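A closer look at the structure
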Amino acid sequence: MKISDIFKTKKPVFSLEIFPPKKNQGNIEQIYTTLDGLKDIRPDFISVTYGAGGNLADSSTADICRIIKDKYNITPLAHLTCVNNSKEDISSILKMLEEYGIENILALRGDINPDIEPKKDFRYASELVSYIKQSGNFGVSGACYPEGHIQSASLVDDILNVKKKIDAGAEHLVSQLFFDNKFFYNFREKAEIAGINVPIEAGIMPVVNKNQIERMVSMCGASLPPKFTKMCSRFADNPEALREAGIAYAIDQIIDLISNDVDGIHLYTMNNPYVAKKIFDAIETMR
Ligand code: FAD
């Protein structure tokens, strides 16, 4: 099923994001443990991240999407980055996705690795969106950034660049994580003014340990509101309390988003079914 069709029949949509197990931490079979834990949540779709290194020999994103579709009967969304892939590389990945019956792709540029010279065929995600649209009958989604992408000069500049993805054929947006809903509402209002008229899902990451907070903030530059930093420092030395407080914080954000008519919630599960399940149990009656 195309993700754009799910949004035509349901609001809010609830989706989950997982990542392929790291190569040095076992094999792809591990993903069954994660998916067995997540299936009872009955998500509308599950997205699977893609390594920006663009290693063509690594088909784990496509393989996991196939498992989600065939074994769990859930719609998969395959992430795909272009910064380190040529047009030929992308074509062979699209061929594989088509053979596997995967209909939805989250088209991304990927982060630029200072140690790897980017390939020249795609500079921005919007160029990948166009290429996918010309290549087959895929539903295409794109990323957006409620506080602006870390490399963009301003939020407005970034929103105008997001609009290029929509003009190229993207039918749905998934947002970067944020800890203060006011950024999401501000982004949504400006996006509407810019003529972005596709469903925008809010990306929510429950923060459940200290390392995760530091890593996430350095990677994506999300602002940390005082309510959030106070929570982190209060429970810094009590991992169990921090995890439960992080879950409660995410639930609070989600309830506020639903109350404010959000199109969808995309939960960054970090492959942690316990956390995802606690959150979805808490909002079960709002679905
Ligand atoms: P783009 O949309 O190309 O934007 C990148 C920058 O270029 C922005 O600053 C934008 O304003 C600017 N820009 C865009 N178009 C133009 C233009 N025409 N002219 C001038 N400037 C322009 N990374 C992974 O490696 N794997 C994943 O699986 C993955 N999944 C993600 C999922 C979500 C929901 C999100 C939010 C991010 C994800 N990322 C992933 C991270 C993403 O690859 C990085 O944030 C990357 O730096 C930008 O990707 P993008 O697709 O948003 O790029």
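From a predicted model like this one, the values you see are computed outputs, not experimental measurements. Sequence order as written defines the numbering, with residues in each chain counted from 1. At least 70 in pLDDT is required for a residue's local features to be given in this predicted model, at least 80 for side-chain atom pairs to be given and counted, and no such filter applies to totals for whole chains, interfaces and linings, which use all residues. Only hydrogens and water are set aside; all other atoms, that is, all heavy atoms of the structure, feed into the side-chain values.

1. A word on the sheet that holds strand E8 (residues 264–268)
Taken in spatial order, the eight strands line up as E1-E2-E3-E4-E5-E6-E7-E8 and close into a barrel, and their pairing is parallel. Recorded for the sheet is a direction-independent mean angle of 25° between the axes of neighbouring strands. Pairing between strands is defined by DSSP: at least two bridges between them are needed. Helix and strand definitions here come from DSSP, where helices need a minimum of 4 consecutive H or I residues and strands a minimum of 2 consecutive E residues; each element is numbered from the N-terminal end. Pairing of strand E6 (residues 172–177) with strand E7 (residues 200–204) involves three bridges; the strand directions are parallel. Residue Leu 177 lies in a different strand from E7, and its bridge partner there is Gly 203. Contacts are assigned to residue pairs with any non-hydrogen atoms lying within 4.5 Å of each other. Every angle, taken between N-to-C directions, lies between 0 and 180 degrees, and every axis is a line fitted to C-alpha atoms, over only the stretch in contact when it is a helix. The strands touched by helix H7 (residues 181–193) are strand E5 (139–144), E6 and E7; relative to E7, the strand with the most contacts, the crossing angle is about 160°. Each of strand E1 (13–18), E7 and E8 touches helix H10 (residues 239–259); the most contacted strand, E7, lies at about 165° to it.

2. Some words on the pairing of E8
The element E8 is extensively covered by neighbouring structure, given that five of its five residues are classed as buried. Here's how the labels work: a residue is buried when its accessible area is under 20% of the maximum for its type, exposed when over 50%, partly exposed in between, all with a 1.4 Å probe on protein chains only. Here E8 shows two buried faces, one formed by Gly 264, His 266 and Tyr 268 and the other by Ile 265 and Leu 267. With four bridges connecting them, E7 and E8 associate as parallel partners. When the bridges of E8 are listed, Gly 203 appears paired with His 266.

3. Details of the layout of surface pockets
The distinction between a cavity and a pocket rests on a 1 Å grid over the protein atoms alone: a 1.4 Å probe fits inside a cavity but cannot get out, while a pocket stays open yet meets protein on both sides within 12 Å along at least five of seven lines, and a residue with an atom within 4 Å of a point counts as lining. Grid points are joined across faces, edges and corners, and a volume is the space filled by probe spheres set on the points. For the second largest pocket, the calculated volume is near 160 Å³. Here the residues of the lining of the second largest pocket sort into five nonpolar, five polar and one charged. Just so you know the grouping, Ala, Val, Leu, Ile, Met, Phe, Trp, Tyr, Cys and Pro go in nonpolar, Asp, Glu, Lys and Arg go in charged, and all remaining residues, Gly too, go in polar.

4. A short note on the nonpolar core
Of all hydrophobic cores here, the largest spans 68 residues; its most connected members are Ile 18, Leu 80, Leu 97, Ile 132, Leu 257 and Ile 279. Beyond its immediate stretch of four places on either side in the chain, Leu 97 contacts Ala 62, Ala 78, Ile 102, Ile 105 and Phe 138. By nonpolar core we mean a set of buried residues, namely Ala, Val, Leu, Ile, Met, Phe, Trp, Tyr and Cys, connected to one another through side-chain atoms within 4.5 Å. Within the second largest apolar cluster, 15 residues are counted, among which are Val 174, Leu 177, Ala 222 and Cys 232.

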